[in-house]
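Notes for the structure review
Here is what each chain is made of, one letter per residue.
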Amino acid sequence: MDFAAGTSPISPWRLSVAPMMDWTNRHCRVFHRLLTRRTRLYTEMVTTGALLHGDLGRHLNFSAVEHPVALQLGGSEPADLAACVSLACDWGYDEVNLNCGCPSERVQRGAFGACLMAEPRLVADCVNAMIDAASGRLPVTVKHRIGIDRGESYAFVRDFVGTLAGAGCSVFIVHARNAWLEGLSPKENRELPPLRYEVAHALKRDFPLATIVVNGGISTDAAIEEQLRHVDGAMLGRHAYHEPWAMSAWDRRFFGVEGPAASRAQVEAQWIDYLDRIHAAGTPWPHAMRHALGLWNGTPGARRWRQVWSDHRLRLEAPHTVAALASAARLAGSHLAV
Ligand SMILES: Cc1cc2nc3c(=O)[nH]c(=O)nc-3n(C[C@H](O)[C@H](O)[C@H](O)COP(=O)(O)O)c2cc1C
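Report on the accompanying structure. No experiment lies behind these values; they were computed from the predicted model shown.

Conventions used here
- Residues numbered from 1 in each chain as written.
- Predicted model: local features only at pLDDT ≥ 70, side-chain atom pairs only at ≥ 80, totals over all residues.
- Heavy atoms only, no water.
- Salt bridge = Lys/Arg side-chain N within 4 Å of Asp/Glu carboxyl O.
- Buried < 20%, exposed > 50% of the residue type's maximum accessible area, 1.4 Å probe, protein only.
- Helix = DSSP H or I, 4+ residues; strand = E, 2+ residues; numbered from the N terminus.
- Arc of directions from axis to C-beta.
- Disulfide = S-S within 2.5 Å.
- Pairing = 2+ DSSP bridges.
- Axes fitted to C-alpha atoms, helices over the stretch in contact; angles between N-to-C directions.
- Contact = heavy atoms within 4.5 Å.

Close approach of charged atoms allows side chains with opposite charge to pair. One pass over the structure, following the stated rule, counts 12 salt bridges. In this structure, the salt-bridge partner of Lys-187 is Glu-191, at a minimum N-O distance of 3.6 Å. Sharing partners across several salt bridges, the network here consists of Lys-187, Glu-191 and Arg-238.

This is the structure:
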């Protein structure tokens, strides 16, 4: 099945929130869904080892409101990846994405992530096995960098994409900077290697039938729009996470439909209902709330609101009780700011 072509003129990959370890977990994705219905959401990376030998429910459970949601896998064993794709199908994911972009040393020791870009044949075998396992139930996509270490050859990434396209992959998420595999932390690797969007644009020209999504450093709606002139989609990570209210404009602006969020206050009310529910079920609500601390960013009183929600002395209180304190602090803060 050609998922990328679809029937709609709007690509399902037009806009997405990036996979981010420790950040884009289930709670975070539920929060993001209060802001945008159409943006595609990605899980944190889950390794094949964690899935095949760990607690499936912990790694794979998600709520129906999160659709469309993609599971990102880390691994390099075709049979293991295939087994994980079958699990993803059974659990109802909308996509499986293979991580070929993470530069962390832990990931390199496991021989996957960005170092896989040096082994396109192996990745092609992985993708082949994953597509077989999916047997048309969901698309298999790849997230990668534009090069590794100091290599700046366009042919390197073009051949990588070409090899995977030959193996049946038709959706590529291109983090438009190299991964420097030695001497940089993963955080530095998201900041120091220069962004070269033109490489992603060239990939779209060379592979016009593929869906090319560009990622890295995009932080305004105007920048998204600019990218969409060249490629099929934009994926945002840190900006979406830190400035979540920005997402409330996306459904209308990029998909032409009404979004779910009328106001920050409405989003906050729905989010507190969610926090109350998980609190009643015994989950410590700060695990979820930390992903929503940016909701009021940019408005008067936002800092006071965040401070109340982050106050450890309140962590055993019911969320709606903390919410009342936080709102009062925000409003007091906004009056002070006037
Ligand atoms: C905290 C954090 C965790 C990340 N974890 C992953 C991950 O699990 N898998 C992945 O492919 N990329 C991961 N990334 C990289 C992002 O998906 C994205 O490629 C990167 O942040 C660049 O996009 P941005 O500039 O819009 O944030 C992570 C980034 C951050 C900030």
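Take helix α14 (residues 302-309) next. Turning to α14, its buried residues are Ala-302, Trp-305, Val-308 and Trp-309. One face of α14 carries all of its buried residues, which in axial projection span an arc of 125 degrees.

Take the state of the cysteines next. The full count for this structure, using the stated rule, is 0 disulfides. With no disulfide partner, Cys-115 has as its closest neighbouring cysteine sulfur the one in Cys-100, 8.9 Å distant.

Here we take up unusual backbone geometry. Trans peptide bonds make up the majority, and among non-glycine residues the majority have a negative phi. The step from His-67 to Pro-68 runs through a cis peptide bond, and the omega angle for that step is -5 degrees. In this structure, Pro-68 sits in the loop between α3 (56-60) and β3 (69-74). Backbone geometry places Asp-149, a non-glycine residue, at a positive phi of 50 degrees. By secondary structure assignment, the location of Asp-149 is in the loop between β5 (140-144) and α7 (154-166). Assessed through its relative accessible area of 35%, Asp-149 is described here as partly exposed.

Along β3, 6 of the 6 residues are buried, which leaves the element largely enclosed by surrounding structure. Where burial is concerned, the two faces of β3 agree: the one with Val-69, Leu-71 and Leu-73 and the one with Ala-70, Gln-72 and Gly-74 are both buried. In this structure, strand β2 (residues 40-47) lies alongside β3, joined through 5 bridges in parallel fashion. Counted as the bridge partner of Leu-41 is Val-69 from β3.

A separate point is the sheet that holds β5. Within the closed barrel, the 8 strands sit side by side as β1-β2-β3-β4-β5-β6-β7-β8. Their pairing is parallel. Between one strand axis and the next, the sheet turns through 25 degrees on average, direction left out of account. Running over the sheet, helix α4 (residues 78-91) touches β3 and β4 (95-100) and is turned about 160 degrees from β3. Strand contacts of helix α8 (residues 197-206): β5, β6 (171-175) and β7 (211-215), with the helix running at about 175 degrees to β7, the strand carrying the most contacts.

Counting through the fold element by element, Ala-240 comes out in helix α10 (residues 238-242). Looking at Ala-240, the relative accessible area reads 0%, which means it is buried. The spatial distance from the C-alpha of Ala-240 to the C-alpha of Ala-18 is 8.7 Å, given a sequence separation of 222 residues. Contacts of Ala-240, omitting those with residues within four sequence positions, involve Val-17, His-32, Met-247 and Trp-250.

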